[in-house]
Amino acid sequence: MNKKQVILVFVLIFLLGAFLRLYDLDRLPIHHDEGVFSSFVENILNDGYYSFDTEYHGTVMFYISAGFMKIFGMQDFTLRLGTAIFGVLAILLVWPMKKYLSDIGMLTSAFFIATSPALVYYSRFSFHDVPFVFFYLLFVYAIFEYFDGQKNKFLYLASVALAFMFSIKEVVHMLLPGILLFFVLLAIHKGVKEHWTSGAKIIANIIQFSLFPFVFYILNLNHIIDFVNIKTGVSTNLIYASVGILFSAIVALFALFSYDRWWKKGIIISVDVQRYFLPAIIAFFVTAVLFSLFYTAGFTQTSDGLDKGLNTPISYNLQKIGQQTGHYKSIWYYARTLYLFESFILMLSIASLFLARNLFSRLFIFLSTYNLLLFSFLSYKTPWHIVYIIAPMCIAAGYAVQKEYDLLVEKNKEKIFFTIAIIFAVAITFISYQISFVKYTDESKIPYVYVQATEDFREMLEYIENSSQKFNGKNTSIDILSEEYWPLPWNLREYKNVAWHAKV
C-alpha cells in the first residue's frame, strides 16, 4: 500500500470507530454505576469540587464530565461524552506505532481498537476504564520511545500519562508493575547477553520514570507491609529490613548507572547529571504537580483531597485481593469471554507469540499475558476490566497480521489477504454493532451487559413523566420505596419532591 492509501484507510477506520462510539450515545438506559457517577458530577457543578472516595475511583473523569455538562447541559449524552472521546482518541494513538508495526500491522491494530466489541461497548458508558486504557497505551508507547531513542520529550509525555493513570483509577497499582517487570527483565537480558552497561542504562531509565510511583509506595509502606505480614506471617521487622536493603540497592544503582563517568588518575572528571538526574526530577515534578492538581480541585482542597489521594488507594486495592464476595467469578471468566466475543483478537495475539521478532511487539505480548493472568487470578471481577486485557492484545494482533501479510506478499497473494481481511472486518464490525446497538440489555447472552437497566426502565420513566403532567409537573411528589434505586437520582433530577424511604 502506498502512503495515500494508508492514510485513507486509517481515516476510514477512525471514522468507523468514532461512529460506533458517538452515534446515538444515549440509546442505552443509564447504568446503575453511571447513576452513582452522575451524583459526583452534580456535586462538582453545585459545590465546585469532588470529595475523593476510593470506592468510586479517581477524580479526573468526574471533572471532565462536569465540564461537558456545564457547556452542553445535563443529558445522558454529555454524561457519557468524556468516555466516548477517549475511546475515539485511543484509535489515534496507534498511528505513531507504525514505525514498529509497519503499515498493515498499524491499520489492523487501529481497526481492532476501533471495533473491539468490549472497547466499543464500554466507550459508550460514563466509566473510568476506557479513559484509563487511553493513558495506559500512551504511557507504554512513550516510555518505549524513550528507551529506544533517549529523547526527554517522551519521558515527560510518559510523566503526564502516569499522572492521569494515578488520577483515574486505582488499577494503576496493578498494571504498572507489569510494565516495570518487562523492562527489568530486559535489563537483565541485556546485561547478561551484551554488556553490564547495557543493562545499567535500562535500570537508570526505569528509575527515571518510576520516581513518582516509588515515592507514592513509600508513603503507603505501612499498608503494604501490614498486608504482607497478614498474608505470609513474616515478621514486620524482617519486611522492613528487606525494604531497606531494596531501597539501598536502588540508590546504589542510581549512583552507579545514572551517570556517565570515567576515571583519570584516580579522579572522577565527569558526571553526566544533565542526561539522567535532571530529567528524572523534572518527570517526577510533572507527575506530582498534575496529580496534586487533580486531587485538590485545582489546589483549592489541599487538606482533604491530597491526603485521601495519597493514602487510601493502596489499602483499597489490598482489600480486593482474595475477596470472594460480590463480584467473585471463576478464574476462566475473562478467557471464556475473550474466546466468545473477541476471538479474532485473541487468536491473532496468540499467533504473535510465535511471530514476534521486534522488542515492541514482545512488549505488548508480555503486557497482554500479564494483564490476562492478573485479572484472571484476582477473585474480584467485573466485565469491564476486560478492556485492560484487550487493548494490548490489539497491538500484538496487529503485528501478527503484518507478518502474515509479508508472507503472502512473497507469494504474490495480496488479493487473497485483502479479501479475507474485508470479510473478517465486516464480521467484527457486525458483532460490535449488534452488542452495542441491538442486544445492549441482553444480560443472559452478552457478558458485557452487567446489572444494566432494561427498556422497561424507560417505560417506567415515561409513565412517571406522563403521570406528573396530570398533577404538579416537576413539583409532583414521588416516593421511592426500593432499597436499590440507582440510577433514579439522575433520571429524576428535575423533580423537586422525591423522597427516598428505604435507603439514603
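Note that the coordinates shown come from a computational prediction; the quantities given were computed from them, not determined experimentally. (Residues numbered from 1 in each chain as written. Predicted model: local features only at pLDDT ≥ 70, side-chain atom pairs only at ≥ 80, totals over all residues. Heavy atoms only, no water.)

### Observations regarding the nonpolar core
Counting 125 residues, the largest nonpolar core has Y122, F139, F375 and Y448 as the members making the most contacts within it. No other element matches the 16 residues that helix α7 (residues 129-149) contributes to this core. If you look at the next biggest cluster of nonpolar residues, it comprises 11 residues, including F457, I464, I480 and V498. (Core = buried A, V, L, I, M, F, W, Y, C linked by side-chain atoms within 4.5 Å. Buried < 20%, exposed > 50% of the residue type's maximum accessible area, 1.4 Å probe, protein only. Helix = DSSP H or I, 4+ residues; strand = E, 2+ residues; numbered from the N terminus.)

### Topic: empty space enclosed by the protein
Scanning the model with the defined rule gives four cavities of 30 Å³ or more in all. There is about 70 Å³ of room inside the largest cavity. Those elements that provide at least two residues to the lining of the largest cavity are α5 (98-115), α18 (343-355) and α21 (414-438). Of the residues forming the lining of the largest cavity, the biggest block, three residues, is contributed by α18. (1 Å grid on protein atoms, 1.4 Å probe; cavity = no way out; pocket = protein on both sides within 12 Å on 5 of 7 lines; lining within 4 Å. Points joined across faces, edges and corners; volume = space filled by probe spheres on them.)

### A closer look at the pattern of salt bridges
Summed over all chains, the structure comprises seven salt bridges. Residue E455 is joined to R458 by a salt bridge in which the shortest nitrogen-to-oxygen separation is 3.5 Å. With E455 and R458 both in helix α22 (residues 455-468) and three residues apart, this pair spans about one turn of that helix. The partly exposed category is assigned to R458, whose relative accessible area is 23%. In this structure, E494 and K474 form a salt bridge, with 3.5 Å as the shortest nitrogen-oxygen distance. Within this pair, whereas E494 is found in the loop between α23 (488-491) and β4 (497-500), its partner K474 is found in the loop between α22 and β3 (477-480), the two being separated by 20 residues in sequence. Assessed through its relative accessible area of 31%, K474 is described here as partly exposed. By sharing partners, the salt bridges in this structure join E465, K474 and E494 into a single network. (Salt bridge = Lys/Arg side-chain N within 4 Å of Asp/Glu carboxyl O.)

### Concerning the packing of α7 against helix α9 (residues 172-193)
Look at α7 against α9: their axes get within 12 Å of each other, and the N-to-C directions meet at 20°. Classified by the interaxial angle, the pair formed by α7 and α9 is roughly parallel. When the axes of α7 and α9 are compared, the crossing they make is right-handed. Facing α7, whose interface residues are F132, Y136, F139, V140, I143 and F147, α9 presents V172, L175, L176, I179 and F183. The class makeup of the residues in the contact of α7 with α9 is 11 nonpolar, no polar and no charged. (Axes fitted to C-alpha atoms, helices over the stretch in contact; angles between N-to-C directions. Parallel < 35°, antiparallel > 145°, perpendicular 65-115°, else oblique. Left-handed = near helix turned anticlockwise from the far one by under 90°. Contact = heavy atoms within 4.5 Å. Nonpolar A, V, L, I, M, F, W, Y, C, P; charged D, E, K, R; others polar.)

### What to know about the environment of P447
Residue position: P447 is located in the loop between α21 and α22. Between the alpha carbons of P447 and Y141 there is a distance of 30 Å; along the sequence they are 306 residues apart. Discounting residues that sit within four places of it in the chain, P447 has contacts with Y122, Y333, T337, F341 and P383.

### Structural notes on unusual backbone geometry
Residue P487 is reached from W486 by a cis peptide bond, and omega for that bond is 10°. Following the sequence through the fold, P487 ends up in the loop between β3 and α23. Phi at S102 is positive, roughly 70°, even though this residue is not glycine. As for its position among the elements, S102 is in helix α5. Residue S102 is classed as partly exposed on the basis of its relative accessible area of 35%. One non-glycine residue with positive phi stands out, namely F299, at about 65°. Locating F299 in the fold gives a position in the loop between α14 (273-295) and α15 (302-311).

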